[in-house]
Amino acid sequence: MIDDIRETKECQLKDPMDLFHSGQVVKICAPMVRYSKLAFRTLVRKYSCDLCYTPMIVAADFVRSAKARDSEFTTNKGDHPLIVQFAAKEAQVLCDAARIICPFADGIDLNCGCPQRWAMSEGYGACLINKPELVKDMVRHVRNQIDNPKFSVSIKIRIHEDLKRTVDLCQKAEAAGVSWITVHGRSIEERHQPVHYDAIKIIKQSMSIPIVANGDIKSLKDAENVHHLTEADGIMVARGLLANPAMFAGYEETPFQCIQDWVDIALEHGTPFTCFHHHLMYMMEHITSKQEKKVFNVLSSTSAVLDYLNDHYGL
């Protein structure tokens, strides 16, 4: 991390809010555990992605341990604008994490949406949507303690069954100075049920800050439809970008050039084999036959993958 950060200090950090003032819908790569790391962010930025998030980082570990900082966060001068997402449940811990990250990123995001049991049991993630005063307090603390007015403070939430409670949460966060809010249009209990885009629209109409829509967006056409349905200022995509990192550039499926770009970027960044291979499995899901998948998915070394891509696709 340290060498990369020395390089970053030479670059100009950006104001993510400029994107929301551009008049265009902001295209965003979601925070994804294991996946939205520097190499993948570098790839999607080549294909019209405007704003990238890191995977969620536990703020307390990040503050306490230099080892955690080195393993969890890497960036470079091309990796902007960049939002670092934290899991936190105490205002001062979130502030401390924000202070450490502030010179190297363009903003932080508080995770109030992760429905995984471990996160909820620790007091992180989606359980925070039931603690609006705490969320308000955390946002206000960061706003008061970070000197840089361009440094954004956002939150990512799920919705309540009773939408009035979600609107109340959002309005409290807005009053505390939150920059924008990303809304995943499902409740904590919902996993694969249809996304409530109508709820995102109601939230958007109740707020004067930007709102980002998230959930089940798998193509640029989906993104345009969701923008039309919700009037959201930005569209955040997770699995759709894993399957097709060139999605925001209008490609219906991953083009071979994008696969070639991933190979080049991953090798340049020294991406661990499992991550390198998993990304390719996602990208090639719709362009390989069942038989080809059986062979490709069990390859166990970088050289075997490179040989396969060369033999089958001339990459």
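Residues numbered from 1 in each chain as written. Predicted model: local features only at pLDDT ≥ 70, side-chain atom pairs only at ≥ 80, totals over all residues. Heavy atoms only, no water.

The protein is annotated in an unreviewed UniProt entry as tRNA-dihydrouridine(20a/20b) synthase [NAD(P)+]-like from Calcarius ornatus. Taken directly from UniProt, the Function (unreviewed entry) text for the protein runs: "Catalyzes the synthesis of dihydrouridine, a modified base found in the D-loop of most tRNAs." For the record of the protein, the UniProt heading Cofactor (unreviewed entry) holds the text "FMN". (UniProt positions renumbered as here; feature names shortened; annotations may be inferred.)

**Student:** Is there a simple way to think about the environment of D137 in this case?
**Tutor:** Along the chain, D137 falls in helix α8 (residues 132-145). As for D137 and D311, which are separated by 174 residues in sequence, their C-alpha atoms are 57 Å apart. (Helix = DSSP H or I, 4+ residues; strand = E, 2+ residues; numbered from the N terminus.)

**Student:** Please explain the packing of helix α9 (residues 163-176) against helix α10 (residues 197-206) as it appears in this structure.
**Tutor:** A pair of packed helices is captured by two measures, namely the crossing angle of their axes and the spacing between those axes. Two numbers describe how α9 lies on α10: the axes approach to 10 Å, and their chain directions differ by 40°. Of the possible angle classes, the one that applies to α9 and α10 is oblique. α10 is crossed by α9, and the crossing has right-handed handedness. Here α9 contributes L163, T166, V167, C170 and Q171 to the contact with α10, which in turn contributes A199, I202, I203 and S206. Here the residues of the contact of α9 with α10 are counted per class, giving 6 nonpolar, 3 polar and no charged. (Axes fitted to C-alpha atoms, helices over the stretch in contact; angles between N-to-C directions. Parallel < 35°, antiparallel > 145°, perpendicular 65-115°, else oblique. Left-handed = near helix turned anticlockwise from the far one by under 90°. Contact = heavy atoms within 4.5 Å. Nonpolar A, V, L, I, M, F, W, Y, C, P; charged D, E, K, R; others polar.)

**Student:** How do you make sense of helix α14 (residues 273-283) when you look at a structure like this?
**Tutor:** Each turn of an α-helix holds 3.6 residues, which means side chains three or four residues apart point in the same direction. Three or more residues of α14 are buried, namely C275, F276, H277, H279, L280 and M283. Elements in contact with the buried residues of α14: α3 (38-46), α12 (239-243), α13 (256-269), α15 (290-296) and α16 (302-313). (Buried < 20%, exposed > 50% of the residue type's maximum accessible area, 1.4 Å probe, protein only.)

**Student:** Explanation requested: the pattern of salt bridges in the structure shown.
**Tutor:** Any two side chains of opposite charge can pair, given that their charged atoms come close. Counted under the stated rule, the structure contains 12 salt bridges. As a salt-bridge pair, D50 and K27 come within 3.9 Å of each other at their nearest N and O atoms. Here D50, found in the loop between α3 and β2 (51-53), pairs with K27, found in strand β1 (residues 26-29); they are 23 residues apart in sequence, far enough to count as distant. For K27, a relative accessible area of 21% corresponds to the partly exposed category. Across the pair D233 and K204 runs a salt bridge whose closest N-O atoms are separated by 2.8 Å. Of this pair, D233 sits in the loop between α11 (220-230) and β9 (234-237) while K204 sits in helix α10, and the two are 29 residues apart along the sequence. Taking relative accessible area as the criterion, D233 reaches 22% and is therefore assigned partly exposed. (Salt bridge = Lys/Arg side-chain N within 4 Å of Asp/Glu carboxyl O.)

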